[in-house]
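Each chain, letter by letter, is given below.
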Amino acid sequence: MPEMNYVSTRGEGGSLPFADAMMAGLATDGGLFVPDRWPSMTADDIAGLAGLSYVDTATAVCRRFIGPDIDDHALRRLVTAAYAGFDHPAVVPLVQLDDRHFLLELFHGPTLAFKDVALQLLGQLFERSMRGRDGRLTIVGATSGDTGAAAIHALAGREGVDLFMLHPRGRVSEVQRRQMTSAMAPNIHNIAIEGTFDDAQAIVKQILRDPAAAARLRLGAVNSINWARLMAQIVYYFHAAVRLGAPGRKIAFSVPTGNFGDVFAGYVAARMGLPIDRLIVATNANDIVHRGLTTGRYAPDTVVPTDTPAMDIQVSSNFERLLFDLSKRDGRRIAAMMADFETRRSLWIPEEWRAWAAQRFTSFRIEAEEMRDTMQWAAHHCGQLLDPHSAVGLAAARRLRHRPEVPIITLATAHPAKFPEIVEQATGIAPQLPARWADLLDREERFDVLPNDSAAIWSFICDRANA
Ligand SMILES: *Cc1c(COP(=O)(O)O)cnc(C)c1O
């Protein structure tokens, strides 16, 4: 089994094995971890995935990113445990909508959003990695809604791990909030901050890169800055494409995008050898990535709250991983670009990089009306209820006109019952929560409200993490 080490996108973070990169989350130079090379899957390797279960596909793909400290048998056991809590036997069923469009349903996990696919595995990996190490791991995360719930349900009651989850107060849906705040395990701490998701994410990054904080607690991250999450997401691109005929046939994917983690996982699958014709980046009105890819100027605007809150993001952390790859892994250059970005709040993507990226990505900004029309179309022509995020993805997929023979798989990122009012307004149909959440609105809630201030949040964490 070849060694696989992880390096920082900013060039100065050293080189760490998988488990250390996973536990650290962010590199010490403020960069994000990436594998030191893209592992390759040949056409024969990909053909060999045909007919495999999701667990077997995940074991085969993750194997290429994890070094020898987790052997095949242990990895398979962790993956099996991670997906045992999904309530569909296919784990991620692929549904056909019409002669071109397919939906990959990623929302059959414990909290009804695709975040479960990665976080259930991360929960297993964290617990295993903490075994045999001293002390506890303190995980600090920020959520626009779904990551928080998924992380909480992946880590509640796990040995050796405490979780502090920040969400922007009043900017997550009621179902999302209650899925987080009704978790009563003593190792789970919910914090509602008086600010936006970007504020919450900035605080988390500041804490994670502060050497004084690291000296006090062993800190970790569960946001999609954590490489292990992207690894888990690469799996379903392979699994779904193979079901539609890869490697013999090219497939396109449409991905509702916020922090650029999910679509970047698709990019990695393509870099590994999966014949992906196109990755469609679907954004809402918060379209920094769309503007960056089309104009070359990557600059955040103020966040506009929309019906797709998981995509209300103006600084997409994982975009740095793409820039690093586009730079041909020039960490020094990325460090300089990001330092510049942090002071000026904008950066220019060199034209040569942008042109190369444009051969792989197509992006669309989808407004609320088109999102609603798409929900109606899917409900009335295909009998399929979509959540608003998935509808943004499908709307973007339906805008792609080139090469009509290429099938397009839209990633369905949340269950429609997570956003019941919007779904009902658009389609006239009230989506039902699956049985496991039927009593959600009656459950007790527990959370603290804190100001948008990293010092206040850090002192809250220190008080509780040692308790
Ligand atoms: C997190 C999330 C997204 C965005 O995914 P990124 O990896 O942040 O781009 C889209 N839809 C839903 C429902 C989500 O929870």
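This text gives an overview of the structure that appears in the document. Just so it is clear, the model here is predicted, and its values are computed rather than measured.

What counts, and at which threshold
Residues numbered from 1 in each chain as written. Predicted model: local features only at pLDDT ≥ 70, side-chain atom pairs only at ≥ 80, totals over all residues. Heavy atoms only, no water. Near = heavy atom within 4 Å. Polar contact = N/O pair within 3.5 Å; in protein donor to acceptor, adjacent residues only side chain to side chain. Areas by Shrake-Rupley, 256 points an atom, 1.4 Å probe, with all protein chains shown as cover. 1 Å grid on protein atoms, 1.4 Å probe; cavity = no way out; pocket = protein on both sides within 12 Å on 5 of 7 lines; lining within 4 Å. Sits in = over half its atoms within 2 Å of the grid points. Nonpolar A, V, L, I, M, F, W, Y, C, P; charged D, E, K, R; others polar. Axes fitted to C-alpha atoms, helices over the stretch in contact; angles between N-to-C directions. Helix = DSSP H or I, 4+ residues; strand = E, 2+ residues; numbered from the N terminus. Parallel < 35°, antiparallel > 145°, perpendicular 65-115°, else oblique. Contact = heavy atoms within 4.5 Å. Points joined across faces, edges and corners; volume = space filled by probe spheres on them. Phe/Tyr/Trp six-rings, centres within 6.5 Å; stacked < 30°, edge-to-face > 60°. Buried < 20%, exposed > 50% of the residue type's maximum accessible area, 1.4 Å probe, protein only. Lys NZ or Arg CZ within 6 Å of the ring centre and 35° of its normal.

1. Re the site of the ligand
If you check the shell around the ligand, you find 14 residues, and the closest are Lys115, Asp146, Gly258, Asn259 and Thr413. Within the contact set of the ligand, an oxygen atom lies 2.6 Å away from a side-chain nitrogen or oxygen of Lys115. One of the backbone N or O atoms of Gly261 is found 3.3 Å from an oxygen atom in the ligand. Summarising the interface, the protein chains cover 98% of the accessible area of the ligand, which totals 380 Å² for the free molecule. Using a 2 Å cut-off from the grid points, one finds that the ligand occupies the largest cavity. In the shell around the ligand, the residues fall into five nonpolar, six polar and three charged.

2. Things to note about the packing of helix 16 (residues 368-382) against helix 18 (residues 420-427)
At a minimum axis separation of 8 Å, helix 16 and helix 18 run at an interaxial angle of 70°. Of the possible angle classes, the one that applies to helix 16 and helix 18 is roughly perpendicular. Contacts between helix 16 and helix 18 pair Met371, Arg372, Met375, Gln376, Ala379 and His380 from the former with Ile422, Val423, Gln425, Ala426 and Thr427 from the latter. Residues of the contact of helix 16 with helix 18, tallied by class, amount to six nonpolar, four polar and one charged.

3. Quick look at empty space enclosed by the protein
Any empty space left between atoms is shown by rolling a water-sized probe over those atoms. Per the counting criterion, the structure on display carries one cavity of 30 Å³ or more. In this structure, the largest cavity encloses a volume near 280 Å³. Lining the largest cavity are 26 residues, with Phe114, Lys115, Gly258, Asn259 and Ala310 sitting closest to its centre. Sorting the residues of the lining of the largest cavity by element identifies helix 6 (146-155), helix 10 (227-243), strand 10 (251-256) and helix 11 (261-272) as the ones contributing at least two each. Residues that form the lining of the largest cavity fall into these classes: 11 nonpolar, 11 polar and four charged.

4. Side note on the side chain of Ser173
You can see Ser173 is positioned in the loop between strand 7 (161-168) and helix 7 (174-181). Among residues more than four places away in sequence, those in contact with Ser173 are Lys418 and Phe419.

5. Some details on the packing of aromatic side chains
As enumerated under the stated definition, the model contains 17 aromatic pairs in all. Centroid distance Tyr54 to Tyr83: 5.3 Å. Interplanar angle 85°. Geometry classified as edge-to-face. With Tyr54 in helix 3 (residues 54-63) and Tyr83 in helix 4 (residues 72-84), this pair connects stretches of sequence that are 29 residues apart. No difference in accessibility class separates Tyr54 from Tyr83, as the two residues are buried. Taken together, a centroid distance of 6.5 Å and an interplanar angle of 85° make the contact between Phe164 and Phe460 edge-to-face. Linking Phe164 in strand 7 with Phe460 in helix 19 (residues 454-465), this pair joins segments that are 296 residues apart in sequence. Like Phe460, Phe164 is buried. Here Arg345 stacks its cationic end above the ring of Phe341, 5.6 Å away from the centre of that ring. Its guanidinium or amino end placed over the ring of Trp356, Arg360 lies 3.5 Å from that ring's centre, counting from NZ or CZ.

6. Regarding the environment of Gly123
Position of Gly123 among the secondary structure elements: in helix 5 (residues 115-130). Accessibility expressed as a relative area gives 0% for Gly123, which makes it buried. Residues Gly123 and His153, spaced 30 residues apart in sequence, show a C-alpha to C-alpha distance of 8.8 Å. Beyond its immediate chain neighbours, meaning those up to four positions away, Gly123 contacts Ala154, Leu155 and Arg158.

Shape descriptors only; they carry no functional weight alone.
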